[in-house]
Amino acid sequence: MPSIFIIPTAHGWNFLRLSTAASPREAAAGSAGKNGSWNVRKLQTLGEAVPLLSATDDFVLGLPVAAVLAQRFRLPSVDPTEFPEMIRIQIEKVLPFSAEEVTTDFEVIEQDDKGSVVSAVAIRNAQLAEIAAPLLDRGFIPRQVTVYAAQRASTYAPKGNALLIYPEGEMLVYAMTENGKLSLARVFENGNGEQLQLELPQLRMSAELQGILASPAEIVGVELPPASVKLNLLPESWRRRRSQLIRQAGWRKRLVWIGGGYVAFVFLLFAYLGLLRFQKGRLDARVAHDAPETQFVRATEANWKALAPAIDARYYPVEILLHLFESLPSPEVRITTYNQSARQIAVDGEANTTALAYQFIEKIKKNPDLRVFQFEMAAPRILPNDHAQFRLEGKPR
């Protein structure tokens, strides 16, 4: 059930919008119209509806009877797939226009074994575009274009036959309905009551002969929102354009969300960078405040490192030589030269095999008493007697 209807009235147009207090299901059931939850705006022209619409609104445009041709046809078929072609042929007999210039639609009134009775409505595309021009110029395309007389028929007489007489602009509408479907419609000049009085008895007699006026006439004092109808005169080109506009509106909405998310991300990024700068400033201030103390600690540490070879037993040459000899993997590995300075230890030696030289360096690295140094060994040099000559260099960690 659409939430917006634009329908013709005696004063121009009515703009009906479902109130937020009522759900579409309530409106379809009719309770919304009875409890006043539809907001109605009177419009002099269709252009006044433009400010009341948004790009995402689904609305139904009801056409006045004077703009359409309504006919009742009996077709010798019950196959719905054959109806459009049959109706097109019948419409072409009545209208002096080609099928490409008009939009038609139909509703089935009744069916039996002999055929079908259908209600067909047609309108010139040029006339429809002229009526809806104020909306089309602003990019508002209705979801459905129908005839208000058909909406009235579905609203007030969904079952049985009825005769409706009501004003539309400067015209009086005379509409015959069957089972909520528009079967015949005529218009009279609103100010010319004499013509209606002259023709009404004949029209009434014709309706009685067809069994339409089986009950006394009633005056409707309260208007109800239009009921939904199948009849749709929306041209195919409008349908495609409306789909495009809906997709564009959807993409615009997505882009707005993406843009909003991007702006929020940039804002959070700048806020985070500002927080980092603030924290950095605080840390710099604390570093500057503690600089004299940290400078004293660094100077003390440097002094202790300089004095370590003299006061730490782990740096004594005798202790180091002891631990080196403890790390010899075999008597076949011999230390030939030992040099030590404040910053480096150099050990030259010779092993019967290259493997023994590598075992020596591995045992030195695993010796816990020598871990104050970091030892490295280049590839051993092979002597003519196949012995391996090596050199170890150690630096304090």
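Residues numbered from 1 in each chain as written. Predicted model: local features only at pLDDT ≥ 70, side-chain atom pairs only at ≥ 80, totals over all residues. Heavy atoms only, no water.

A. Local environment of helix α9 (residues 317–326). Every buried residue belonging to α9 is among Ile 320, His 323 and Leu 324, and all of these are buried. Buried residues of α9, seen end-on, are gathered within an arc of 105° and therefore sit on one face of the element. Contacts made by the buried residues of α9 are with β12 (333–340), β13 (345–351), α10 (354–366) and β14 (373–377). (Buried < 20%, exposed > 50% of the residue type's maximum accessible area, 1.4 Å probe, protein only. Helix = DSSP H or I, 4+ residues; strand = E, 2+ residues; numbered from the N terminus. Arc of directions from axis to C-beta. Contact = heavy atoms within 4.5 Å.)

B. A look at the packing of aromatic side chains. For the structure shown, the criterion picks out 6 aromatic pairs. Each ring, one from Phe 83 and one from Phe 106, has its centre 5.7 Å from the other, and the planes form 85°; the classification is edge-to-face. Of the two residues, Phe 83 sits in helix α3 (residues 83–94) while Phe 106 sits in strand β6 (residues 102–112), which places them 23 residues apart along the sequence. The structure contains a cluster of three or more aromatic residues connected by ring pairs, namely Tyr 315, Phe 373 and Phe 375. Here Arg 152 stacks its cationic end above the ring of Tyr 166, 4.0 Å away from the centre of that ring. (Phe/Tyr/Trp six-rings, centres within 6.5 Å; stacked < 30°, edge-to-face > 60°. Lys NZ or Arg CZ within 6 Å of the ring centre and 35° of its normal.)

C. Quick look at the pairing of β12. Bridging between β12 and β13 involves 7 bridges; their strand directions are antiparallel. By the bridge assignment, Gln 340 is partnered in β13 with Ile 345. (Pairing = 2+ DSSP bridges.)

D. Structural view of the sheet that holds strand β10 (residues 171–178). Pairing is antiparallel in the open sheet, where 3 strands are placed in the order β9-β10-β11. Both edges of this open sheet fall to β9 (161–168) and β11 (181–189), since each of them pairs with a single strand only. Shown here is a sheet whose adjacent strand axes are inclined to one another by a mean of 20°, direction ignored. Bridging between β9 and β10 involves 8 bridges; their strand directions are antiparallel. Note that in β10 the partner of Ile 165 across the bridge is Tyr 174. Along the sheet, helix α6 (residues 148–156) makes contact with β9, β10 and β11, crossing β9 at roughly 135°. (Axes fitted to C-alpha atoms, helices over the stretch in contact; angles between N-to-C directions.)

So, to be careful, I would describe these as geometric facts and stop short of saying anything about function.
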